[in-house]
Amino acid sequence: MRKHTILGALGIVAASALALTGCSGGGDTTDGAGGEGSYSIGISQLVQHPALDAAAAGFQRAFTEAGIDATFDVQNANGEQATATTIAQKFASDGTDLVLAIATPAAQAAQAAITDKPVLFTAVTDPVEAGLVASSDAPGGNVTGTTDMNPVGDQIDLLKEIVPNAKTIGIVYASGEVNSQVQVALAKEKASELGIEVREASVATGADLQTALDSLTGVDAIYLPTDNLVTAGMGSVVDFANSNKVPLIGGEVNQVENGAIATLGLDYEALGYQTGQMAIKILTEGADPATMPVEAQTEFPLTVNPGAAEKQGVTIPEAVLSRAETTIE
Amino acid sequence: MIGAFELGMLYAVMALGVYLTFRVLNFPDLTVDGSFTTGGAVAASLIAMDTPPVLATLAGVGAGAVAGFVTGLLYTKGRIDGLLAGILTMIALWSINLRIMGVPNKPVAKADGLFGPLVDLGMGKGPWIILIFFVGVLILKAAIDWFLSTDLGLAIQATGNNEQMIRSFGVNTHNTTILTLMISNGLVAGAGALVAQYQGYADISMGVGLILIGLASVIIGQAIFGNRTVLLATFGVIVGAVLYRLVIFAALSVGLNPNDMRLLSAIMVVIALLLPRLGVFSKRLPKGRLTKPPIPSPEGEARATTAAAK
């Protein structure tokens, strides 16, 4: 509920800003309670998680910045898939104008429940494999959105640049996460091109993480995919890396902030914002989701953590340091 | 709102399975967290290979029955504690389910599944599908009621009530236990197969925490309809499953913080457990026909006072 009030407040601010600058379009009702020219948008998020929260915030920021009056019904399934279905059905019966679904199962549930309204997804790694779109270029239905595919290949290149003599790398990931599986496959492909051997350690629950890490003893570096379970257990991953002097290369910025050496980072807030712009195109310009290609983030800023590198026994090359957009102290 | 009914009816199939083990056999079977996913995984994988949805669903039921068989063997022949036997099978199923699907998440287009023809006929939503689900669940309930009234069914009920006594009558309680676990997990897996086709995907974690929903449905149903006869108890389970989903829906509708949802589930179950004890519904129960009287004296007193107040 608090979110609504904040949004309401943001809406008022945006609307008054518009009035002051004399811009035309949008925002004639300030409280956004279903007045004319205002849109009702449902947001179905699978689970509370910093990255997914950021995506939802970015999506809403796109509307605020465009000065479009919209009310957001933000729902979170708390990780229960049946609840995600219930949320999607609620949006279908509420007559919501557009639905944003965050993470794969939430998007699939929305797709099954909502057939006559546009559904946008974000934080989905492989929308084709998930059955959400017929193809990334021509989705073909009422569903389109953005993918959170991170540049795995480039990240492996980065690993090679920081640890040039790496012969074997370890990857630790959750066996239950489809996004991780996709990334592991990509990482292995890239590694074999570079002549690097990959050792996998998959975990079913957080409790297995320590054992999985122990099985990676002897690798030259560890690559972390954007895996929810591993990210949640970053503490033990970093401990292992520091005490065994194994460099860690992350799949996203949050991991680097928490002790990995570097990444070409995905920015979920920016991704959500991009999805919001797609939604605005659909709502205000009548764009058809069926012909709107799935979008991805195009630029991945380099984030480095020299302190972590020191603890893990490597020095980040000057060439990498000078390219970095963000350096974590 | 309507969706909560639909989903509730599908979960009722699972709750009927949980009822068989938890109430009839007196066996808290945690296998269901895994076998629910197994049903969904088998059905989704087979449908992806163009198997007719009916066959795919039945195969899901079969796979669930096999899981129940394993738990039953561990418990009876292996003499492993019931809770542990269920947990072991459930954990093993995680890997097996991943093997079945090949990926952690397998989509099933609604048009390819069991409900595809209904969607084509324009009956995929609203009152029609609720009616169809309701009739289907009632048929299933009638089948279970009938089965429990056969000699074999009575032997199963007796196994749950007093294993030693029924064994002295020459019933092989190992067989009745294994059979019940097979039927129960078959139903649970069948529900998993239906849910996967209804929600459009099977996911490796779709069964996580399922036992709580199953027990909640059984207990809520029992709080309202009692456990005196099988006929009423199974009906209560169906109502309980739908009520559970309605409460979740209501909580979402009023904008309750999602982080509180599990707490709400637990409170709901506690209330359902306490209601009969406080005598809220017991005044409707005729005296002297309770099959499970022995527990505590406060219950008896509460019942006596409400009866007196009447």
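Residues numbered from 1 in each chain as written. Chains lettered and ligands numbered in written order. Predicted model: local features only at pLDDT ≥ 70, side-chain atom pairs only at ≥ 80, totals over all residues. Heavy atoms only, no water.

Asks: Whenever I open this one, the nonpolar core confuses me. Can you help?
Replies: Proteins that are soluble and globular tend to have nonpolar side chains buried together. All names here are of chain A. Residues Phe59 and Phe63 are the most contacted members of the largest nonpolar core, which totals 126 residues. Phenylalanine 63 has contacts with Ile41, Ile68, Ala70, Phe72, Gly276, Ala279, Ile280 and Leu283, leaving out every residue within four places of it along the chain. Counting 29 residues, the second largest nonpolar core, distinct from the first, contains Leu159, Ile162, Ala166 and Ala308. (Core = buried A, V, L, I, M, F, W, Y, C linked by side-chain atoms within 4.5 Å. Buried < 20%, exposed > 50% of the residue type's maximum accessible area, 1.4 Å probe, protein only. Contact = heavy atoms within 4.5 Å.)

Asks: Where do I start with the pairing of strand 4 (residues 119-124) of chain A in this structure?
Replies: Successive side chains on a regular strand alternate, one facing one side of the sheet and the next facing the other. Residues and elements named next belong to chain A. Within strand 4, six of the six residues are buried, leaving the element largely enclosed by the surrounding structure. Pairing between strand 3 (residues 98-102) and strand 4: four bridges, direction parallel. Directly across from alanine 101, in strand 4, lies its bridge partner phenylalanine 121. Inspection of the sheet shows strand 4 paired to strand 5 (residues 143-147) by four bridges, in the parallel sense. (Helix = DSSP H or I, 4+ residues; strand = E, 2+ residues; numbered from the N terminus. Pairing = 2+ DSSP bridges.)

Asks: Explain the packing of aromatic side chains here, please?
Replies: For any two aromatic rings, the description comes down to two numbers: the centre-to-centre distance and the angle of the planes. For the coordinates displayed, the defined rule picks out nine aromatic pairs over all chains. Ring centres 5.4 Å apart and planes at 80° place the aromatic pair A:Phe63 and A:Phe72 in the edge-to-face group. Between B:Phe115 and B:Tyr198, the aromatic rings sit 6.1 Å apart at their centres with planes inclined by 90°, giving edge-to-face as the arrangement. Taken as a pair, B:Phe115 in the loop between strand 1 (105-107) and helix 5 (116-120) and B:Tyr198 in helix 9 (residues 173-199) lie far apart in primary sequence, 83 residues in all. With respect to class, B:Phe115 is no different from B:Tyr198; both count as buried. Here the aromatic residues A:Phe59, A:Phe63 and A:Phe72 are joined through ring pairs into a cluster of three or more. Over the ring of B:Tyr11 we find B:Arg245; its NZ or CZ atom is 5.2 Å from the centre of that ring. (Phe/Tyr/Trp six-rings, centres within 6.5 Å; stacked < 30°, edge-to-face > 60°. Lys NZ or Arg CZ within 6 Å of the ring centre and 35° of its normal.)

Asks: Please explain the side chain of A:Thr231 as it appears in this structure.
Replies: Residue and element names in this part refer to chain A. With respect to the helices and strands, the residue threonine 231 is situated in helix 8 (residues 228-232). Looking at threonine 231, its side chain comes within polar contact range of the side chain of glutamine 255, at 3.2 Å. Those residues in contact with threonine 231 that lie beyond four places of it in its chain are Glu252, Asn254 and Gln255. (Polar contact = N/O pair within 3.5 Å; in protein donor to acceptor, adjacent residues only side chain to side chain.)

Asks: I tried to follow unusual backbone geometry on my own but got confused; where do I start?
Replies: Unusually for a residue other than glycine, A:Ala103 sits at a positive phi of about 85°. Here A:Ala103 is to be found in the loop between strand 3 and helix 4 (104-113).

Asks: Teacher, can you tell me more about the interface of chain A and chain B here?
Replies: Accessible area lost upon the coming together of the parts serves often as the stated size of an interface. Contact residues are listed per partner, giving 31 residues for chain A and 34 residues for chain B. Across the chain A/chain B interface, buried area totals approximately 2,700 Å², and carbon plus sulfur atoms make up 51% of it. Between chain A and chain B we count zero salt bridges in total. Put simply, chain A and chain B have six residue pairs in polar contact (both at pLDDT 80 or more) between them. Looking at the side of chain A that touches chain B, the elements with two or more residues in it are strand 2 (70-76), helix 3 (81-94), helix 4 and helix 6 (178-193) of chain A. Top element by residues in the side of chain A that touches chain B is helix 3 of chain A. It accounts for nine residues. (Buried area = accessible area lost by both parts, 1.4 Å probe. Salt bridge = Lys/Arg side-chain N within 4 Å of Asp/Glu carboxyl O.)

Asks: Got a minute to help me understand the environment of A:Thr327 in this structure?
Replies: Residue and element names in this part refer to chain A. Inspection of the secondary structure puts threonine 327 in strand 13 (residues 326-327). Spatially, the C-alpha atoms of threonine 327 and leucine 283 are 39 Å apart, while their sequence positions differ by 44 residues. Those residues in contact with threonine 327 that sit more than four places away from it in its chain are Val304 and Pro306.

Asks: What's the story with the pattern of salt bridges in this structure? I'm lost.
Replies: All names here are of chain A. The tally for this structure, following the rule as stated, stands at nine salt bridges over all chains. Note that lysine 90 is salt-bridged to aspartate 73, the shortest N-O span being 3.2 Å. Of this pair, lysine 90 sits in helix 3 while aspartate 73 sits in strand 2, placing them 17 residues apart in sequence. Comparing lysine 90 with aspartate 73 shows no difference in burial state: the two are buried. Within this structure, Arg61, Glu65 and Glu269 form a network of salt bridges that share partners.

Asks: Help me understand the UniProt feature "transmembrane region" (unreviewed entry) in chain B in this model?
Replies: The UniProt feature table records "transmembrane region" (unreviewed entry) at residues 7-25, 54-75, 82-100, 128-148, 177-198, 204-225, 232-256 and 262-280 of chain B. Along residues 54-75 of chain B, the helical share is 100% and the strand share 0%, with 32 Å between the first and last C-alpha atoms. (UniProt positions renumbered as here; feature names shortened; annotations may be inferred.)

Asks: Looking at this structure, how should I read the packing of helix 2 (residues 32-48) of chain B against helix 4 (residues 82-101) of chain B?
Replies: For any two helices packed against each other, the geometry is given by the interaxial angle and the distance between the axes. All names here are of chain B. Axis separation between helix 2 and helix 4 bottoms out at 9 Å; the angle between their running directions is 10°. One way to sum up the angle between helix 2 and helix 4 is to call them roughly parallel. Listed contacts from helix 4 to Asp33, Gly34, Ser35, Thr37, Thr38, Ala41, Val42 and Ser45 of helix 2 are Met90, Leu93, Asn97, Ile100 and Met101. Partitioned by chemical class, the residues of the contact of helix 2 with helix 4 number six nonpolar, six polar and one charged. (Axes fitted to C-alpha atoms, helices over the stretch in contact; angles between N-to-C directions. Parallel < 35°, antiparallel > 145°, perpendicular 65-115°, else oblique. Nonpolar A, V, L, I, M, F, W, Y, C, P; charged D, E, K, R; others polar.)

Asks: Is there a simple way to think about the domain arrangement of chain A in this case?
Replies: Residue and element names in this part refer to chain A. Structurally, chain A comprises domain 1 (39-148 + 267-296) and domain 2 (152-265 + 301-327). Between the C-alpha centres of domain 1 and domain 2 the distance comes to 30 Å. On the side of domain 2, six residues touch domain 1, which itself brings six residues to the contact. In this assembly, domain 1 packs against domain 2 so that about 520 Å² is buried in total across both faces, 61% of it on carbon and sulfur atoms. Together, His49, Thr125 and Tyr268 form the three largest contributors to the area buried by domain 1 at its contact with domain 2, with a combined 57%. There are zero salt bridges connecting domain 1 and domain 2. Viewed at the interface, domain 2 and domain 1 are joined by zero residue pairs in polar contact (both at pLDDT 80 or more). Considered class by class, the residues forming the side of domain 1 that touches domain 2 number one nonpolar, three polar and two charged. (Domains from an automatic or database assignment.)

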